[in-house]
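# Close look at the chain arrangement
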Amino acid sequence: MTHPTQRGVFITLEGIDGAGKTTQFEAVVGALRAAGRTVVATREPGGTPIGERIRALLLSEPMHYATEALLMFAARQEHVLSVIEPALLRGEVVVCDRFTDATLAYQGAGKGLPIDRLEALANWVHPGLAPDLTFLIDVPVELAAQRLRAQARIADRFERESAEFFARVRGHYLALAAAEPLRWVIVDGTRDLESVRDDLVHHMRKILQEPV
Ligand code: Z5A
């Protein structure tokens, strides 16, 4: 008799720009692979050929806020249907650099689009799908800005937003984490790279020992 495959685990990483999320992504993916898990490592906006083309538009072209939100969800629809859900159905672990929480924080709190409209879009695009675990790598806005300034590259459209904007985004992430403490783990991102990585891997190990 064959047994249905156990559903996989959906893990996301969030934080304001410069928090160190992308730097730590590989540590999370590496810890899972070292534990013998099959991992799909992906990101938003992006993660599919169409999603990556939408990402290029989003990062470079000025557009109305509503257009931006709808493009985030268009890319996400493709990503959920062709990458995330199939991997979860195969019993794999999906690690995604940002997901819908980023839309609530950036387009909602940051840019002022009504949260209930964004939540309605989320319910349409991925009904019943939410991350099992979300890491919020948290740093004060000024430290994140210092780190970005230290990088010798041209800032994209999102990175050019004001400190007040990033303060609203950070505040919304912290509120989301407080509202759902079983899903979110807040990691202090102000420490050195190794300490942040050790913290993430420690939480990953705990999760791997427990059925999520
Ligand atoms: N966005 C949105 O608005 N709505 C949505 O729904 C979604 C996204 C999904 C692209 O996302 C943009 O899309 C993003 C939000 C918006 N805004 N921007 N910009 P992204 O995730 O691809 O881009 P990002 O957040 O800007 O990633 P990033 O530039 O890679 O930032 P990060 O991941 O937070 O930081 P990092 O690159 O890992 O680190 C930044 C620098 O700090 C780097 O030089 C590191 O070496 C350094 N760093 C990192 N950690 C440390 C520590 N602990 N100590 C010292 N230095 C450190």
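Residues numbered from 1 in each chain as written. Predicted model: local features only at pLDDT ≥ 70, side-chain atom pairs only at ≥ 80, totals over all residues. Heavy atoms only, no water.

Attention now goes to the overall build of the protein chain. When its secondary structure is counted, the protein chain shows eight helices and five strands. When the helices and strands of the protein chain are listed from N to C terminus, the series reads β-α-β-α-α-β-α-α-β-α-α-β-α. Projecting the C-alpha coordinates of the protein chain onto the three principal axes gives extents of approximately 55 × 40 × 30 Å. Considering the protein chain as a whole, with its 212 residues, one finds that 48% of them fall into the buried category. Within the protein chain, contacts between residues separated by at least 24 positions form 80% of all contacts whose residues are at least 6 apart in sequence. Accessible area for the protein chain stands at about 10800 Å²; split by element, carbon and sulfur atoms hold 57% of it. (Helix = DSSP H or I, 4+ residues; strand = E, 2+ residues; numbered from the N terminus. Buried < 20%, exposed > 50% of the residue type's maximum accessible area, 1.4 Å probe, protein only. Contact = heavy atoms within 4.5 Å. Areas by Shrake-Rupley, 256 points an atom, 1.4 Å probe, with all protein chains shown as cover.)

Read from one edge to the other, the open sheet built from five strands follows the order E2-E3-E1-E4-E5, with strand pairing classed as parallel. Two strands bound the open sheet, and with one partner strand each, they are strand E2 (39-43) and strand E5 (184-188). On average, each strand axis in the sheet is tilted by 20 degrees relative to the strand beside it, whichever way the strands run. Here strand E4 (residues 133-138) pairs with E5 via five bridges, running parallel. Directly across from phenylalanine 135, in E5, lies its bridge partner valine 185. The sheet strands contacting helix H1 (residues 21-34) are strand E1 (9-14), E2, strand E3 (93-97) and E4, and the helix crosses E3 at an angle near 175 degrees. (Pairing = 2+ DSSP bridges. Axes fitted to C-alpha atoms, helices over the stretch in contact; angles between N-to-C directions.)

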